[in-house]
Amino acid sequence: INAEYGKQWYQRRVRGDAKNNELCKQAYKLLANLQSEFNALVRALDDIGSMNRELRDLEDMLLREKDKNVAAQIVKVEHDLATVVGENKRLAATIDAARKS
């Protein structure tokens, strides 16, 4: 509360002086512009922070999706391996039958 009161007092004082003194008027305009630019900078930094958090979230999501894809590929490879083992057994049985004939 004291800081806000001090700020208001200072602004009233500078505005009052600016009405009577051209140099104070120019200083007040520069101060107002500086405050505006500072507020824009703070907003830009907040936006950058939000974008960084969103980027980390997207990177985490990408890693989870990659993990899902790996799991699906492992299941497919296991299925293909079982198919090949079955074919090998069938071919071995066919060869054994042909040798006995």
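That block above? That's the structure.
What this report covers is the structure whose coordinates are included nearby. (Residues numbered from 1 in each chain as written. Predicted model: local features only at pLDDT ≥ 70, side-chain atom pairs only at ≥ 80, totals over all residues. Heavy atoms only, no water.)

1. A look at the overall build of the chain
Link 1 in the chain: If you tally the helices and strands in the chain, you get two helices and zero strands.
Link 2 in the chain: Carbon and sulfur atoms form 60% of the exposed surface of the chain, whose accessible area is close to 9,200 Å². (Helix = DSSP H or I, 4+ residues; strand = E, 2+ residues; numbered from the N terminus. Areas by Shrake-Rupley, 256 points an atom, 1.4 Å probe, with all protein chains shown as cover.)

2. Topic: a nonpolar patch on the surface
Link 1 in the chain: A surface patch of nonpolar side chains, amounting to about 580 Å² of accessible area, comprises F38, L41, V42, L45, I48 and M51.
Link 2 in the chain: With respect to the secondary-structure elements, F38 resides in helix 2 (residues 22-100).
Link 3 in the chain: Since its relative accessible area comes to 52%, F38 is described here as exposed. (Patch = residues over 30% accessible without salt bridge, like charges linked within 9 Å, V, L, I, M, F, W, Y side chains within 5 Å. Salt bridge = Lys/Arg side-chain N within 4 Å of Asp/Glu carboxyl O. Buried < 20%, exposed > 50% of the residue type's maximum accessible area, 1.4 Å probe, protein only.)

3. Here we look at a negative patch on the surface
Link 1 in the chain: Among the surface-exposed residues, E54, D57, E59 and D60 lie close enough to one another that they form a single negatively charged patch.
Link 2 in the chain: Inspection of the secondary structure assignment puts E54 in helix 2. (Lys, Arg positive; Asp, Glu negative; His and termini not counted. Charge placed at Lys NZ, Arg CZ, Asp CG, Glu CD.)

4. Brief notes about the pattern of salt bridges
Side chains that differ in charge, positive against negative, can pair when their charged atoms come close.
Link 1 in the chain: Here the structure, examined in full by the defined rule, presents two salt bridges.
Link 2 in the chain: The residue K68 makes a salt bridge to E65 at a minimum N-O spacing of 3.3 Å. Here K68 pairs with E65, and both are found in helix 2, just three residues apart, close to one helical turn.
Link 3 in the chain: Taking relative accessible area as the criterion, K68 reaches 53% and is therefore assigned exposed.
Link 4 in the chain: For K76, the salt bridge goes to D80, with nearest N and O atoms at 3.1 Å. On the criterion of helical spacing, the pair formed by K76 and D80 is a turn pair, its members being four residues apart in helix 2.

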